[in-house]
Amino acid sequence: LFLFLLRECKQKKLNYVGSLKREDFLTFWDFFRALFEHGLAFDQNHPYHSHFLHNLAQNVNSFSTREWFAEMEKQTLNAFAAMVQYEVDHHHFRNDVDLPTMGYILQNMGMAIQKQLQLMGTINPQESIQNGLPVYYKKEKELMDMVNTYIRMIQPAFQNNPQ
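This text gives an overview of the structure that appears in the document. Everything quoted here is computed from the prediction, not taken from an experiment. (Residues numbered from 1 in each chain as written. Predicted model: local features only at pLDDT ≥ 70, side-chain atom pairs only at ≥ 80, totals over all residues. Heavy atoms only, no water.)

**Topic: the overall build of the protein**
Defined as follows: A run of H or I in DSSP counts as a helix once it spans at least four residues, and a run of E counts as a strand once it spans at least two, with each numbered from the N terminus. As defined in this context, the radius of gyration uses C-alpha atoms, and a globule is described by 2.2 Å times the residue total to the power 0.38. Only protein chains enter the area calculation, which uses a 1.4 Å probe; residues under 20% of their type maximum are buried, those over 50% are exposed, and those in between are partly exposed. Whether two residues touch is decided by their heavy atoms; if any such pair falls within 4.5 Å, the residues are in contact. Methods summary: accessible areas were calculated by the Shrake-Rupley approach with a probe of 1.4 Å, and residue burial reflects only the protein chains presented. For this count, His and the chain ends are skipped, Lys and Arg are scored as positive, and Asp and Glu as negative. Taken as the charge centre is NZ of Lys, CZ of Arg, CG of Asp or CD of Glu, depending on the residue.
Summing up its helical and strand segments, the protein has 7 helices and 0 strands in all. Listing every helix and strand of the protein by position from the N terminus yields α-α-α-α-α-α-α. Here the C-alpha atoms of the protein give a radius of gyration of 16 Å, agreeing with the 15 Å that 2.2 N^0.38 yields for 163 residues. Projecting the C-alpha coordinates of the protein onto the three principal axes gives extents of approximately 55 × 30 × 30 Å. Classification of the 163 residues of the protein by burial places 36% in the buried group. Taking the intrachain contacts of the protein between residues at least 6 apart in sequence as the baseline, contacts between residues at least 24 apart amount to 69%. Total accessible area computed for the protein in this model is approximately 9800 Å², and 55% of it derives from carbon and sulfur atoms. Here the protein holds 15 positive side-chain charges and 17 negative ones, and the gap between their average locations is 4 Å.

This is the structure in structure tokens:
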């Protein structure tokens, strides 16, 4: 049952974010923002699926879920490394740092945003699921403000600055 739910939730979310194409955006950071915006649409339209994935991330060290979460992390890392490769190939990102490291930073940026919003009390997943509400219910602006803050911090570190 757990594996069925995991596949179902991942597929529903992929239907939202998987339709985005990097080539449709002027910059990687516009694309990165759009990933979060589409993630918000997934959260609003499928709150229970969103909560399932959110709770999986919160229980990363649980004996019963760590194997599946680790596999999801590897898949996500590979996807971000491919995104970084595209940016390096098009001379948008620096090429003196290995792709897995840059991909890992981007992957963890998303997790850090989510965790920080929860630690600050901006989102309360336990309360929202009890009320049948999306994780980011009425907190969309706060999420996107945090995404923009992280981008301002990380963007200079990724920029290709020819010397």
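Resuming the write-up.
**As for the nonpolar core**
The condition that has to hold: Buried Ala, Val, Leu, Ile, Met, Phe, Trp, Tyr and Cys residues form a nonpolar core when they are joined through side-chain atoms within 4.5 Å.
Counting residues in hydrophobic clusters, the biggest one holds 29 residues, and the most contacted among them are Trp 29, Phe 32 and Ile 113. For this core, the secondary structure elements donating two or more residues are α2 (28-45), α4 (66-89), α5 (99-119) and α7 (140-158). It is α2 that contributes the most residues to this core, 8 residues altogether. Contacts of Phe 32, omitting those with residues within four sequence positions, involve Phe 80, Leu 106, Met 109, Val 147 and Ile 151. If you look at the next biggest cluster of nonpolar residues, it comprises 9 residues, including Cys 9, Tyr 16, Phe 52 and Leu 53.

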